[in-house]
Amino acid sequence: QVQLVESGGGLVQVGGSLRLSCAASGSSRSFFEMGWYRQAPGNQRELVATISSGGTTNYADSVKGRFTISRDNAKNTVYVQMNSLQAEDTAVYFCYARVIFGRRYDYWGQGTQVTVSS
């Protein structure tokens, strides 16, 4: 049973920084891709950033230049460093991991709240 455990959310002022972590476990295969999505109240879940096992990254335009995603393959852990946070970054952030074994298997964490106050 794959489990994703997120940590690092909280309350921060506009312009501040937070670092989210997500540790994945329970897979006998490596995680092809890991990343973060977010969902604000009344909105659909949207991409924040993803990173492949080889280090290829993909960012939403809204976070480019402010957020940096990284991963430690040995620990099956993905991080996102969030700088210059804005009120519109307020959302529940969900960790995501993908395993490919014949087909894609996507797994999600329970989410961690990030609140940016002005």
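My aim in this report is to walk through the structure given alongside it, one point at a time. (Residues numbered from 1 in each chain as written. Predicted model: local features only at pLDDT ≥ 70, side-chain atom pairs only at ≥ 80, totals over all residues. Heavy atoms only, no water.)

**Observations regarding the overall build of the protein**
Reasoning step 1: Scanning the protein from N- to C-terminus turns up 0 helices and 11 strands.
Reasoning step 2: For the protein, the α and β elements follow one another from N to C terminus as β-β-β-β-β-β-β-β-β-β-β.
Reasoning step 3: For 118 residues, the compact-globule estimate of 2.2 N^0.38 gives 13 Å, and the C-alpha radius of gyration of the protein, at 14 Å, lies within 12% of that figure.
Reasoning step 4: C-alpha extents for the protein along the principal axes are approximately 45 × 25 × 20 Å.
Reasoning step 5: Relative to its 118 residues, the protein shows a buried fraction of 40%.
Reasoning step 6: Contacts in the protein between residues far apart in sequence, at least 24 positions, make up 52% of those at least 6 positions apart.
Reasoning step 7: Accessible area of the protein: about 6,400 Å², with a carbon and sulfur share of 44%. (Helix = DSSP H or I, 4+ residues; strand = E, 2+ residues; numbered from the N terminus. Rg over C-alpha atoms; globule rule 2.2 N^0.38 Å. Buried < 20%, exposed > 50% of the residue type's maximum accessible area, 1.4 Å probe, protein only. Contact = heavy atoms within 4.5 Å. Areas by Shrake-Rupley, 256 points an atom, 1.4 Å probe, with all protein chains shown as cover.)

**Overview of the pairing of strand β4 (residues 33-39)**
Reasoning step 1: Of all 7 residues that make up β4, 5 are buried, and the element is covered over most of its length.
Reasoning step 2: Across 6 bridges, β4 lies against strand β5 (residues 46-52) in antiparallel orientation. Directly across from Tyr37, in β5, lies its bridge partner Leu47.
Reasoning step 3: What sits between β4 and β5 in their antiparallel hairpin is a turn of 6 residues, with Gly42 showing a positive phi close to 80 degrees.
Reasoning step 4: Of the pairings in the sheet, the one linking β4 to strand β9 (residues 91-101) comprises 7 bridges and is antiparallel in character. What sits directly across from Glu33, in β9, is Arg98. (Pairing = 2+ DSSP bridges.)

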